[in-house]
Structure formats: C-alpha cells, structure tokens
Amino acid sequence: MGKVYITDDGTAVELDVGVDISDATSLQIKAKDPAGAIDTWTATLVGTSVLRYVATAGDFDPAGVWSLQARVVTPDGTWLGETVKMRVYEAYE
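Here we summarise the structure given alongside this text. (Residues numbered from 1 in each chain as written. Predicted model: local features only at pLDDT ≥ 70, side-chain atom pairs only at ≥ 80, totals over all residues. Heavy atoms only, no water.)

Turning to the packing of aromatic side chains, a few remarks are in order. Enumeration according to the criterion identifies five aromatic pairs in this entry. Relative to Tyr-89, the ring of Tyr-5 has its centre 6.1 Å away and its plane inclined at 50°; by these criteria the two rings are tilted. With Tyr-5 in strand E1 (residues 4-5) and Tyr-89 in strand E9 (residues 84-89), this pair connects stretches of sequence that are 84 residues apart. Taking relative accessible area as the criterion, Tyr-5 reaches 30% and is therefore assigned partly exposed. Judged by its relative accessible area of 31%, Tyr-89 is partly exposed. An angle of 15° between the planes, with centres 4.7 Å apart, marks the rings of Trp-41 and Tyr-53 as stacked. Of this pair, Trp-41 sits in strand E4 (residues 38-42) while Tyr-53 sits in strand E6 (residues 50-54), and the two are 12 residues apart along the sequence. Accessibility classification places Trp-41 together with Tyr-53 in one group, the buried group. An aromatic cluster is defined as three or more aromatic residues linked by ring pairs; in this entry it consists of Trp-41, Tyr-53, Phe-60 and Trp-66. The aromatic ring of Tyr-89 is capped on one face by Lys-3, whose charged end is 4.6 Å from the ring centroid. (Phe/Tyr/Trp six-rings, centres within 6.5 Å; stacked < 30°, edge-to-face > 60°. Helix = DSSP H or I, 4+ residues; strand = E, 2+ residues; numbered from the N terminus. Buried < 20%, exposed > 50% of the residue type's maximum accessible area, 1.4 Å probe, protein only. Lys NZ or Arg CZ within 6 Å of the ring centre and 35° of its normal.)

Pasting the structure below:
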C-alpha cells in the first residue's frame, strides 16, 4: 500500500490473520487513532484469512500513527489479531 492521507476515500485496509476464519460470524477492524480514540470498522472476508475494510473520507482523520487490530468472532470464540501500525499523512490540497 502507498501513502495513506486523511482525505482518502476508497482505500482498502486488509489484515491477514494467517488462519482460516471462513466460519466467522463477525469480522471487525479496531482502529485506534493517534489521539487514542478507538473506532470499530465492519470488515468483509477475502479468501479465508483476510479481513478487508474500504475506508471513506474522514475515516483516517487525524494524521499520525494509527494502530489496527483484527477482531474475529467464530462459533469457537472471540479473538484478536496482532496490532499493526500505519502512518496517515496530512493532505494539502
């Protein structure tokens, strides 16, 4: 993925959890912004192990380092993926 800007619309965020989660009943990406606020994005499944969320304008505001984490619910329980860091840049239009 190239640089992500706060004004991006249509940027896909994909997290590969590394195991088959095709029986999941809920797929979410927890997104913690640089100020510490946490948002929950509803994801879709790509293949058998990748959570995907397509961002809309404003999802990546404010600029800075974001933390992203998969949250998966299956019939066997609920678990979290590893935390991934992503830098979001200011947009000067």
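Picking up where we left off.
Attention now goes to the pairing of strand E2 (residues 12-16). The side-chain alternation of E2 yields one buried face, formed by Val-13 and Leu-15, and one unburied face, formed by Ala-12, Glu-14 and Asp-16. As defined by bridge partners, E2 adjoins E6 across five bridges and the pair is classed as antiparallel. Pairing of Ala-12 across the sheet is with Val-54, part of E6. (Pairing = 2+ DSSP bridges.)

A word on the side chain of Ser-49. Along the chain, the position of Ser-49 falls in the loop between strand E5 (44-46) and E6. Judged by its relative accessible area of 14%, Ser-49 falls in the buried class. Within the local environment of Ser-49, its side chain forms a polar contact with the side chain of Asp-16, the two groups lying 2.9 Å apart. (Polar contact = N/O pair within 3.5 Å; in protein donor to acceptor, adjacent residues only side chain to side chain.)

Once that is clear, we can look at the pairing of E4. Two elements, strand E3 (residues 26-32) and E4, share five bridges in a ladder whose sense is antiparallel. Residue pairing across strands places Ile-29 opposite Trp-41, the latter belonging to E4. Taking the residues that link successive antiparallel strands as the turn, the E3-E4 hairpin has five residues, and the phi of Gly-36 there is positive, at about 100°.

Here we take up the pattern of salt bridges. As enumerated under the stated definition, the model contains one salt bridge in all. One salt bridge connects Glu-14 with Arg-52, and the closest N-O pair in it is separated by 2.7 Å. Within this pair, whereas Glu-14 is found in strand E2, its partner Arg-52 is found in strand E6, the two being separated by 38 residues in sequence. Judged by relative accessible area, Glu-14 falls into the partly exposed class, the value being 44%. With a relative accessible area of 31%, Arg-52 lands in the partly exposed category. (Salt bridge = Lys/Arg side-chain N within 4 Å of Asp/Glu carboxyl O.)

Read these as layout, nothing more, since geometry by itself doesn't imply function.
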